[in-house]
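Structural overview
Here's the letter readout for the chains.
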Amino acid sequence: MSTAPLLAPPCRFGKDGKVDSNPCPANPIGIVDHPGFRQDGLPRTQRPIPRETSRRLQVAAFWAAMLVAGLHSMSGETWLALKTIVGMANMSVPLFFFLSGFFLSRHWGESGFWRREVRKRVVSLVIPYFSWLGVAALIFGLFIPGVKVWAGTMETFAPEWAYGMAFLRSIVGFPFLASFWFLRTLFLLVVLSPAWLWCVAAKGRIFAVASMGSVFLLWGLNAVYGVEVPFGSVLSRCGFSWRALFYVMAGAFVFHDDSLNILMKMRPSIGLGLGCWIVCAAVCQCFEVKAPVDFAMQVTVQWSGIWVTLALLSRVPLPEWVSKASMALYLSHAMFLNVLRELVFWRGTSGHGVYLWLACVLLGIGIWNVLRRGPRWMVIMFFGGRGRMDRKDRKED
């Protein structure tokens, strides 16, 4: 097994942004002996991630997108085996938030990082959010009138303008393609990132763990007992989620604490044990259990699943045209899922979830590899600019 570090050592950067070999200035904000900062005061976030580590994280994100599609495709199944897979797939969205926090924390402490990140996420999250919802509203309203989208509430409106109203409601309310809540919540957390990144990276390890523990407690109280903090309902309508906040903070903490190697290096025996534990916890969720027990099972499945995905599944060799399609698969599967359910499969018939899952994955990967070769505006509109191929890349491909 290779002993190469998963993260490169920190670099010295001058005021012009170039590597500087001269001694660095003293710590400007008084942080001493903190894992997020070097002794000279420069943020340790200013370092590259090796290519192999980046590739493994990319593969992990693809498996998470696969599990999201499976979670939504089989959400109505009654077979115990398929319900168990749905329970195991609950770790997929937390892994997305975890990786988002990890990559976002790399730029904390850099000048103007907040403006750059918000501007970047408007392109990569907000534009695809409204593009896919708009296309879905047109398709469902014009070509499949009267269809009820899963987890949607459009049955209260007349069929001819139901999806137009649903699209408008998605601007400030819950999106009618329910899986798109992830995009809205992630963008909100990026806007709020200076606050939670400060909690993780500015006051030391103990303060960071205490902050994450407080967020976890609020998440548990809300999930189990429905306890809301002041203005909690307003925050929820804006897309805020305690679970999402906890996992982005956890990803940022792993980066600043240099503990990624703990998650990405695992003995096969430990991986087998964790896999068995995930299956057992997912089976327990299939039965009627009390809310605290169900919450505990969900958390164990999510954390164990994140660990197994980063340590084991990320090692699976996948071609780049597949592994890079993770976000495209996430963005496209909700619309494909509803179209396939309405036009191809009998709605409400158990046992078709696996076929829906496979079809959504193949369509998502296929449409991304076709559209990313198209005009720049199209790639930005549907995929936030991810994976766009320039003319030079097309010739080499």
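Residues numbered from 1 in each chain as written. Predicted model: local features only at pLDDT ≥ 70, side-chain atom pairs only at ≥ 80, totals over all residues. Heavy atoms only, no water.

1. Notes on the overall build of the protein chain
The secondary structure content of the protein chain amounts to 18 helices and 0 strands. Looking at the protein chain alone, contacts between residues at least 24 apart form 77% of all its contacts between residues at least 6 apart. Approximately 19,500 Å² of the protein chain is accessible, and the part contributed by carbon and sulfur atoms is 66%. (Helix = DSSP H or I, 4+ residues; strand = E, 2+ residues; numbered from the N terminus. Contact = heavy atoms within 4.5 Å. Areas by Shrake-Rupley, 256 points an atom, 1.4 Å probe, with all protein chains shown as cover.)

2. Some remarks on the packing of helix H1 (residues 51–73) against helix H3 (residues 92–104)
Viewed as axis vectors pointing N to C, H1 and H3 meet at an angle of 150 degrees, and their least axial separation amounts to 8 Å. Between H1 and H3, the angle is such that the two are roughly antiparallel. The element H1 and its partner H3 pack so that their crossing is left-handed. Contact residues: H1 offers Leu-57, Ala-60, Ala-61, Ala-64, Ala-65, Leu-67 and Val-68, while H3 offers Ser-92, Val-93, Leu-95, Phe-96, Leu-99, Phe-102 and Phe-103. Looking at the contact of H1 with H3, its residues break down into 13 nonpolar, 1 polar and no charged. (Axes fitted to C-alpha atoms, helices over the stretch in contact; angles between N-to-C directions. Parallel < 35°, antiparallel > 145°, perpendicular 65-115°, else oblique. Left-handed = near helix turned anticlockwise from the far one by under 90°. Nonpolar A, V, L, I, M, F, W, Y, C, P; charged D, E, K, R; others polar.)

3. Quick notes on the side chain of Asn-369
The topology assignment puts Asn-369 in helix H16 (residues 353–371). A relative accessible area of 11% places Asn-369 in the buried class. (Buried < 20%, exposed > 50% of the residue type's maximum accessible area, 1.4 Å probe, protein only.)

4. Some points on helix H8 (residues 205–225)
Between the first and last C-alpha of H8 there are 30 Å, a value that for 21 residues agrees with the 30 Å anticipated at 1.5 Å per step. Regarding H8, the residues found buried are Ala-208, Ser-211, Met-212, Val-215, Trp-219, Gly-220 and Val-224. If you follow the buried residues of H8, they end up packed against helix H7 (193–201), helix H10 (242–256) and helix H13 (291–311). Just beyond H8, the residue with positive phi is Gly-226, at close to 70 degrees. (Expected span 1.5 Å × (residues − 1).)

5. Observations concerning the nonpolar core
Most often, soluble globular proteins have nonpolar side chains that are buried together. One finds Phe-97, Phe-180, Phe-182, Trp-196, Leu-245 and Leu-310 to be the most contacted residues of the largest nonpolar core, which totals 97 residues. Considering each element in turn, this core owes the most residues, 12 residues, to H10. What Phe-182 contacts, discounting residues up to four positions off in sequence, is Val-93, Phe-96, Phe-97, Met-327 and Tyr-330. Counting residues in each nonpolar core, the second largest holds 8 residues, with Met-266, Met-297, Val-301 and Val-308 among its members. (Core = buried A, V, L, I, M, F, W, Y, C linked by side-chain atoms within 4.5 Å.)

6. Notes on the environment of Gly-385
Within the secondary structure, Gly-385 is located in the loop between helix H17 (376–383) and helix H18 (391–396). Taking the relative accessible area as the measure of exposure, Gly-385 reaches 30% and is therefore partly exposed. The sequence separation of Gly-385 and Val-123 amounts to 262 residues, and the corresponding C-alpha distance is 7.4 Å. If sequence neighbours within four positions are ignored, Gly-385 has contacts with Val-379 and Ile-380.

7. Topic: the state of the cysteines
Two cysteines form a disulfide when their sulfur atoms are joined by a covalent bond. Scanning all chains against the criterion turns up 0 disulfides. Looking at Cys-276, it has no disulfide partner, and the nearest cysteine sulfur is the one in Cys-280, 6.7 Å off. (Disulfide = S-S within 2.5 Å.)

8. Re the pattern of salt bridges
Should their charged atoms come close, side chains of opposite charge can pair. Tallying each qualifying case throughout the model produces 3 salt bridges. Of the charged contacts in the structure, one is a salt bridge between Lys-324 and Glu-320, with a shortest N-O distance of 3.4 Å. Judged by its relative accessible area of 39%, Lys-324 falls in the partly exposed class. (Salt bridge = Lys/Arg side-chain N within 4 Å of Asp/Glu carboxyl O.)

9. A few points about the packing of H16 against H17
At a closest axis distance of 10 Å, the pairing of H16 and H17 adopts a crossing angle of 150 degrees. In terms of their interaxial angle, H16 and H17 are classed as roughly antiparallel. Along its contact with H16, which presents Ile-367, Trp-368 and Leu-371, the element H17 presents Met-378, Val-379, Phe-382 and Phe-383. Classifying every residue of the contact of H16 with H17 by side-chain character gives 7 nonpolar, no polar and no charged.

10. Re the side chain of Ser-211
Within the element layout of this structure, Ser-211 appears in helix H8. When sequence neighbours within four positions are dropped, the list of residues in contact with Ser-211 reads Cys-199 and Met-249.

11. A short note on a nonpolar patch on the surface
On the surface, Leu-80, Phe-287, Val-289 and Val-293 cluster together to form a nonpolar patch covering roughly 340 Å² of accessible area. If you trace the backbone, Val-289 turns up in the loop between helix H12 (268–285) and H13. Residue classification places Val-289 among the partly exposed residues on the basis of a relative accessible area of 35%. (Patch = residues over 30% accessible without salt bridge, like charges linked within 9 Å, V, L, I, M, F, W, Y side chains within 5 Å.)

12. A look at the packing of aromatic side chains
In total, this model carries 24 aromatic pairs according to the counting rule given. Aromatic side chains Phe-97 and Trp-181 sit 5.8 Å apart centroid to centroid with 45 degrees between the ring planes, which places their arrangement in the tilted category. Placement of Phe-97 in helix H3 and of Trp-181 in helix H6 (residues 181–191) is noted, with a sequence separation of 84 residues between them. Of the two residues examined, Phe-97 and Trp-181, each falls in the buried class. Ring centres of Phe-216 and Trp-219 lie 5.5 Å apart, and the angle between their planes is 90 degrees; on these two criteria the pair is classed as edge-to-face. Pair noted here: Phe-216 and Trp-219 are both in helix H8, with a separation of 3 residues, about one helical turn. (Phe/Tyr/Trp six-rings, centres within 6.5 Å; stacked < 30°, edge-to-face > 60°.)

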